[in-house]
Amino acid sequence: MSQKFDPFVAEWISFSGDPRYNLVEKCLKLAQLLEYPNLKIQEEIEKIGKIATSLKLVLSDVKNPTYLISMLNEHLFQTLGFHGNTEDYYNPKNNFLNDVLEKRTGIPITLSIIYVEVARQIGLDLRICGFPSHVVVKHGEDIILDPFEGGRLLDIEDLEDILFRNFGEEIEFEPEFLDELPEDKILVRIIRNLKNSYSQSYAYEKAMRCADMILAVEPEAPDEIRDKGILEYRLLHNEAALKYLNRYLEIAPEAPDVDFVLEMIREIREKINQ
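Structure report, in brief. (Residues numbered from 1 in each chain as written. Predicted model: local features only at pLDDT ≥ 70, side-chain atom pairs only at ≥ 80, totals over all residues. Heavy atoms only, no water.)

A few points about the nonpolar core
Logical step 1: Judged by nonpolar contacts, the single largest core of 63 residues is most densely connected at Leu-72, Phe-82, Ile-113, Tyr-115, Leu-126 and Ile-128.
Logical step 2: Of all the secondary structure elements, the ones that give two or more residues to this core are helix H1 (7–16), helix H2 (23–34), helix H3 (41–56), helix H4 (65–79), helix H5 (97–103), helix H6 (108–121), helix H8 (183–200) and helix H9 (204–217).
Logical step 3: Shared between two domains, this core holds at least three residues of each, these being domain 1 (7–178) and domain 2 (183–273).
Logical step 4: Sequence-distant contacts of Ile-128, defined by excluding residues within four places in its chain, comprise Leu-23, Ser-112, Ile-113, Val-116, Val-135, Val-136, Val-137, Asp-179, Glu-180, Leu-181 and Ile-186.
Logical step 5: Counting 17 residues, the second-largest nonpolar core is a separate cluster that includes Ile-230, Tyr-233, Val-258 and Ile-268. (Core = buried A, V, L, I, M, F, W, Y, C linked by side-chain atoms within 4.5 Å. Buried < 20%, exposed > 50% of the residue type's maximum accessible area, 1.4 Å probe, protein only. Helix = DSSP H or I, 4+ residues; strand = E, 2+ residues; numbered from the N terminus. Domains from an automatic or database assignment. Contact = heavy atoms within 4.5 Å.)

Okay, structure coming up:
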């Protein structure tokens, strides 16, 4: 579906699609566009570099992965005090790397990004996995780590517990849950987090911008089309809301929330006809 032109969205799409910039730079650009217009991206990159440099000073000549992971965990989570934000998990700021670097607390995805970047700078190859509801990190195929819990080593039972806490018995563990998450999917996941956090705090204009950012790269994503329609409704843009909600029903006629969407469409039509 065609989107109203938004220069912020256009700038984001141009920057995020540019291979000259790495994931950290793109995450910081997102923060600059959405919340921190005066953010100096290079200064934040240098903060991560200083963390890696200070870690290198305490490393021995041993370079095996188990040793490096142990030292990385000790340095980030014990010495520097990075930790998962369990008290204010859904705060939008947990999705911005500059905030996580300043407060040393965040959510799985942002802590994982910093964790993997520091690891890269000390010669340790870690990858971010798109585990449902809780991003984790892996080394090779056998070592699974949770930066949200201090770099804890996870086994299958731990991963099943994460799924159960978030989904009950609706989802069973699948090996592909530990596939590496591509950079563009990481960014979409962060923006989706932000959209949901902004919506929950009634910051609908900001949530709408996030929805537009996602739809610019995934224009036929059913859930995003639905959420765009709901946001238009919250902002009293009734005609636009109808367009997106009807489109959602076209492409996802068997969705479990069809009755909810139909009721919302009915309410909107009643308001238009008043």
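Details of a negative patch on the surface
Logical step 1: Residues Asp-155, Glu-157, Glu-160, Asp-161, Glu-169, Glu-172, Glu-174, Glu-176 and Asp-179 make up a contiguous surface patch of negative charge.
Logical step 2: Among the structural elements, Glu-174 can be located in the loop between helix H7 (156–167) and H8. (Patch = residues over 30% accessible without salt bridge, like charges linked within 9 Å, V, L, I, M, F, W, Y side chains within 5 Å. Areas by Shrake-Rupley, 256 points an atom, 1.4 Å probe, with all protein chains shown as cover. Salt bridge = Lys/Arg side-chain N within 4 Å of Asp/Glu carboxyl O. Lys, Arg positive; Asp, Glu negative; His and termini not counted. Charge placed at Lys NZ, Arg CZ, Asp CG, Glu CD.)

Some points on the pattern of salt bridges
Logical step 1: Within the structure shown, the criterion is met by 27 salt bridges.
Logical step 2: The salt bridge partner of Glu-44 is Lys-47, with a shortest N-O separation of 3.2 Å. Residue Glu-44 and its partner Lys-47 are both found in helix H3; the two are separated by 3 residues, about one turn of the helix.
Logical step 3: Look at Lys-47 and you get partly exposed, because its relative accessible area is 38%.
Logical step 4: It is possible to trace a salt-bridge network through shared partners that takes in Lys-185, Arg-192, Lys-195, Glu-218, Asp-223, Glu-224, Arg-226, Asp-227 and Asp-257.

Comments concerning unusual backbone geometry
Logical step 1: Unlike most non-glycine residues, Ser-133 shows phi in positive territory, near 70 degrees.
Logical step 2: Summarising the element assignment, Ser-133 is placed in the loop between strand S3 (127–129) and strand S4 (136–139).
Logical step 3: Given the relative accessible area of 33%, Ser-133 is considered partly exposed.
Logical step 4: Notably, Leu-236 is not glycine yet its phi reads approximately 65 degrees, a positive angle.
Logical step 5: Looking at the secondary structure, you find Leu-236 in the loop between helix H10 (222–234) and helix H11 (238–251).
Logical step 6: The exposed category is assigned to Leu-236, whose relative accessible area is 65%.

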